[in-house]
Amino acid sequence: EALEAVKTTLTKMALGGIYDQLGGGFERYSTDDKWIVPHFEKMLYDNGQLVSLYSLAYKVTGNKLYRNVVYETLDFIERELTDNSGGFYSSLDADSEGEEGKFYTWDKDQIEKLLGEDSQIFCDYFTVKSEGNWDGRNILFITSAKDDLIKKYTLREKEFDDKITGMKNII
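Within any chain, residue numbers begin from 1 and follow the written order of that chain's sequence. Confidence filtering applies because this is a predicted model: local features only for residues at pLDDT of at least 70, side-chain atom pairs given and counted only at 80 or more, and all residues used for totals across whole chains, interfaces and linings. Where side-chain values are given, they derive from all heavy atoms of the structure, hydrogens and water being excluded.

(A) Broad picture of the environment of V69. Its place among the elements puts V69 in helix α3 (residues 64-80). Only protein chains enter the accessibility calculation, which uses a 1.4 Å probe. A residue is then buried if its area is under 20% of the maximum for its type, exposed if over 50%, and partly exposed in between. A relative accessible area of 2% places V69 in the buried class. Along the chain, V69 and K158 lie 89 residues apart, while their C-alpha atoms are 18 Å from each other. Whether two residues are in contact is decided by their heavy atoms, any of which lying within 4.5 Å being enough. If we skip the residues at most four places from it in the chain, V69 touches A14, Y19, F26 and Y54. In this text, helices come from DSSP runs of H or I with a minimum length of four residues, and strands from runs of E with a minimum of two, each type numbered from the N-terminal end.

Given below as structure tokens:
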């Protein structure tokens, strides 16, 4: 029962808005009970502890989602929280351009301009809506079952994964 509770929590966190679906790493905490709306600040100590937890969970369960979270979070730490001299920054602020979360939220139009004809797959996968899913903008989180989208867009799993990865790199 304890393992099932941990797996549910880790999976909801990894699919939710508390996890940066594009850049990796976790925001400090969720402000809602569905793990969608984060407080957008990212802390080194939170991410370090979560890397340890997701690593252990991957070792115990073999769940590839947990493995991916580990690698993406380590990439985030190396890219955003590591100083050129070898030290670490303790956090990234929640505010950018005077707004909380602006760097981490999107308008559907922005995504469509960047991705063109493939944008609908991305929007379906990351729950992007024209009207936004939070304060008129979109926090990226996953609610659609990947298998359902693979069928909808008649893709094989590897094609779908490659397509999403490619689009994430563009955005």
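Picking up where we left off.
(B) Highlighting a nonpolar patch on the surface. Together, L3, V6, L53, L56 and V60 make up a nonpolar patch on the protein surface, roughly 410 Å² of accessible area in all. Ranked by residue count, the leading element in the nonpolar patch is helix α2 (residues 44-61), at three residues. Inspection of the secondary structure puts V60 in helix α2. Of the residues examined, V60 reaches a relative accessible area of 52% and is grouped as exposed. Exposure above 30% relative accessible area and the lack of any salt bridge qualify a residue for a patch; like charges then connect within 9 Å, and the nonpolar side chains Val, Leu, Ile, Met, Phe, Trp and Tyr within 5 Å. Per-residue and other accessible areas follow the Shrake-Rupley method at a 1.4 Å probe size, with only the shown protein chains counted as cover for residues. Salt bridges are counted wherever a side-chain nitrogen of Lys or Arg sits within 4 Å of a carboxyl oxygen of Asp or Glu.

(C) Broad picture of the nonpolar core. Ranked by internal contacts, the top residues of the largest apolar core, which has 19 residues, are I111, F122, F126 and F160. Ranked by the residues each element gives to this core, the list is headed by helix α5 (residues 119-125), at four residues. Setting aside residues no more than four positions away along its own chain, F122 makes contact with L22, I111, L115, L140, I164, M167, K168 and I171. Counting 16 residues, the second-largest nonpolar core is a separate cluster that includes M13, V51, I77 and L81. What is meant by a nonpolar core is a set of buried Ala, Val, Leu, Ile, Met, Phe, Trp, Tyr and Cys residues, joined one to another through side-chain atoms within 4.5 Å.

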